[in-house]
Structure formats: structure tokens, C-alpha cells
Amino acid sequence: TPSRSFCKRARFYEANSDSINLEAKEVAIRYNIGKKQSNTLNDKIKLLKYDYLVLALGGETNFFGIDSASKNAFTIKTIGDALLLRNHVINMLEQADMEYENIELQKSLMTFVVVGGGFSGVETVGELNDFVRDSVKQYYHNIDTKYIKIILINSGSRILPEVSDDLSDFTLNKLEKNGVQIILNNRVKEIGQNYVLLNKGGGDRGEGGEEEETIPSHTVIWAGGVKPNKVITGLTCEHDKSGKIITNENLKVNGYENTFALGDCAFIVDPNTGKP
């Protein structure tokens, strides 16, 4: 749904949040004049006053210091990311269909790896699995379905840590039944243009895991986590160690009346468990 048709009764600005002054109750937004440029010479800044502020800036992709991941992996944060990934997957199918005489190369072209077992990773691997398998059955007759590998890698001991154990297990069983290979308690150490290097047994804390495994693949999708952006971390309020805004049980920002935070940029404690 286009934002303007969705927010007909709101005053809508398509711009970047440049900075937020909680004391002055001001939001500075930045936008470009004319043709979009890489520099900021044509940028304009507008100040917006507010009575109430809701911070829902989400987060940025967190590669956890793995430079090769930021260079060689696809991300799945925006519609643009999804379109880029879809076109790439179709390209891999076309290449694999032509490389039917080189089985090893075809196998690597037909190996798709998703890193991260949260909501984004699980949803992505499920859609990707259906898309690849359905496409091969309908259009790509030089590809044997036994060479299709859709892999989900998670550093934790279970997928979907946000939900209950039984729902997590149900999802895992469904994915495996549909042909997805799930690798738990493994950390990605490096991502190349045509491979993924795993630190086996590294798990959430990265302990142990001296054994390594290389998975040949030309498609690695990173859904491994998010971090707050600099607008959030730069606010003069209370943050947790990752930079998220600490709120109370009503999502109110500690120390500031009429200011709320929610979603990936907020650190919200569950009053029932005492855990975030």
C-alpha cells in the first residue's frame, strides 16, 4: 500500500530522520532537491515540532563484524533487496539449466543458503524453497530436483527463538518435510563469492567450533540480525548495551514523557518473565 494512500489523514513526509532532540521536542528530517545525488549539496533540512513521539526506526542489518558477509551476501530488509534477490535466483536457475554437463557446478548454483533463524530468515527460506522447487518443476528440465539444496543456518539451538518451543519445533519439522536443510548451533565464519565457511559448533557464544565446513554456494542471504541506527544510538536517553532504547512495560522511553519506542529499536522487558 503506498504510504500516502494509507495515511490520508496524516501529514506525510518522505525523508530521512537526520536527528532527534528529545529535550526540545524536535525532529530534523533531511531530503534531497532535484535529481538524487550521492553528495549532500542539494539536501534540505526541515524541523518538525511534536507533542508525542513514537520511535519505530527498526534496525540496520548487523553483520557482527564479518566483512565478507557485508560484501558477498544478499540482505533482506527492503522491497529492493527482495527484487534483487529474486532476479539473482532466476539467473542461478538459468545458469544451472545450461550447466547440466557439469554436475558439481550445477550443484553449487542450486545451493541457496539463508543465515539466521529468526522471523526474517525462516520466512525467506520458506518462500525461497517454494519458488526454486516450483520453478524447476515447471521450466528447468535440465535440473534434477535432487541437486536442489535450500539451507537455513542458525547459531542458536532452535529456530524462531521469539516463539514457544512447540511452535519452533513445529516450524522446523514443516520446513524439513518440505526439503529445507536446517543447520543449528553453527556460526558463519566467512562468505565468499561461491562458498560459505562455517565454524561448526560455534553456537551463540562462539565457543568451541574449531572444526570448519565449507558449503559451495553462489547465493547466501543474510538475515542474521539487526542493530539500531545512529539516530537511535545518538539519543540522550537510556540504552541497553546494543544501543536499543530502554522502555517500560507501556513502551514509554525512560525519563521522557510522551515519548515511546517500539520494534527492533526498542529494548522492552516482558513483565511476566523479566526478560527482553
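Anything mentioned here points back to the structure above.
Right, let's walk through the structure included here. Since the structure is predicted, the reported quantities are computational estimates derived from the model, not experimental observations.

### Notes on the sheet that holds strand β6 (residues 74–75)
- As summarised here, the arrangement of the five strands in space is β6-β13-β7-β8-β9, forming an open sheet in which the pairing is parallel. Each edge of the open sheet is held by one strand with a lone partner, namely β6 and β9 (180–183).
- Inspection of the sheet shows strand β8 (residues 149–153) paired to β9 by four bridges, in the parallel sense. The partner of Ile150 across the bridge, within β9, is Val180.
- Its contacts with the sheet place helix α5 (residues 119–139) against β7 (111–115), β8, β9 and β13 (219–222), and it is angled at close to 175 degrees to β8.

### Things to note about the pattern of salt bridges
- Tallied over the entire structure, the rule returns nine salt bridges.
- The residue Asp43 makes a salt bridge to Arg30 at a minimum N-O spacing of 3.5 Å. Of the two residues, Asp43 sits in strand β3 (residues 43–49) while Arg30 sits in strand β2 (residues 26–32), which places them 13 residues apart along the sequence.
- For Arg30, a relative accessible area of 24% gives the class partly exposed.
- The salt bridge involving Arg158 is made with Asp165; its shortest N-O contact spans 3.2 Å.

### A closer look at a negative patch on the surface
- A cluster of acidic side chains, namely Glu123, Glu127, Asp130 and Asp134, defines a negative patch on the protein surface.
- On the basis of relative accessible area, Asp130 is assigned to the partly exposed category, the value being 40%.

### Remarks on the side chain of Asp240
- Among the secondary structure elements, Asp240 is positioned in the loop between α7 (230–233) and β15 (245–246).
- It turns out Asp240 is buried and unbridged, and the closest side chain with the opposite charge, Lys244, is 5.9 Å from it.
- Polar side-chain contacts of Asp240 include one of 3.0 Å to the side chain of Ser242.
- Asp240 has contacts with Ile246 and Phe267, leaving out every residue within four places of it along the chain.

### Section: the pairing of β13
- Burial of the side chains of β13 extends over both faces: Thr219 and Ile221 are buried on one face and Val220 and Trp222 on the other.
- Where β6 meets β13, two bridges bridge the pair, whose relative direction is parallel. Across the sheet, Phe74 pairs through a bridge with Ile221, a residue of β13.
- By the bridge criterion, four bridges tie β7 to β13 in an arrangement that is parallel. Of the residues in β13, the one forming a bridge with Val115 is Trp222.

### Structural notes on the packing of helix α3 (residues 79–98) against α5
- Between α3 and α5, the least distance of the axes is 11 Å, while the angle of their chain directions is 35 degrees. As α3 packs across α5, the resulting crossing turns out to be right-handed. Where α3 approaches α5, its residues Arg86, Val89, Ile90 and Leu93 are matched on the opposing element by Leu128, Phe131, Val132, Ser135 and Val136.
- Looking at the contact of α3 with α5, its residues break down into seven nonpolar, one polar and one charged.

### Description of the side chain of Thr171
- Note that Thr171 resides in helix α6 (residues 165–177).
- Accessibility expressed as a relative area gives 16% for Thr171, which makes it buried.
- With residues near it in sequence (within four places) discarded, Thr171 still touches Val122, Ile159 and Leu160.

### Describing unusual backbone geometry
- Despite not being glycine, Lys25 shows a phi value in the positive range, around 55 degrees.
- Relative to the helices and strands, Lys25 resides in the loop between β1 (16–21) and β2.
- By relative accessible area, which is 31% here, Lys25 ends up partly exposed.

### Some words on the pairing of β8
- With four of five residues buried, β8 lies mostly within the body of the structure.
- After leaving β7, the chain enters α5 and then returns to the sheet as β8, a path that is right-handed.
- Between β8 and its parallel partner β9, the chain crosses via α6, and the hand of that crossover is right-handed.

Each value, and the rule that gives it
- Residues numbered from 1 in each chain as written.
- Predicted model: local features only at pLDDT ≥ 70, side-chain atom pairs only at ≥ 80, totals over all residues.
- Heavy atoms only, no water.
- Pairing = 2+ DSSP bridges.
- Helix = DSSP H or I, 4+ residues; strand = E, 2+ residues; numbered from the N terminus.
- Contact = heavy atoms within 4.5 Å.
- Axes fitted to C-alpha atoms, helices over the stretch in contact; angles between N-to-C directions.
- Salt bridge = Lys/Arg side-chain N within 4 Å of Asp/Glu carboxyl O.
- Buried < 20%, exposed > 50% of the residue type's maximum accessible area, 1.4 Å probe, protein only.
- Patch = residues over 30% accessible without salt bridge, like charges linked within 9 Å, V, L, I, M, F, W, Y side chains within 5 Å.
- Areas by Shrake-Rupley, 256 points an atom, 1.4 Å probe, with all protein chains shown as cover.
- Lys, Arg positive; Asp, Glu negative; His and termini not counted.
- Charge placed at Lys NZ, Arg CZ, Asp CG, Glu CD.
- Polar contact = N/O pair within 3.5 Å; in protein donor to acceptor, adjacent residues only side chain to side chain.
- Left-handed = near helix turned anticlockwise from the far one by under 90°.
- Nonpolar A, V, L, I, M, F, W, Y, C, P; charged D, E, K, R; others polar.
- Right-handed = clockwise from strand over helix to strand, strands pointing away.

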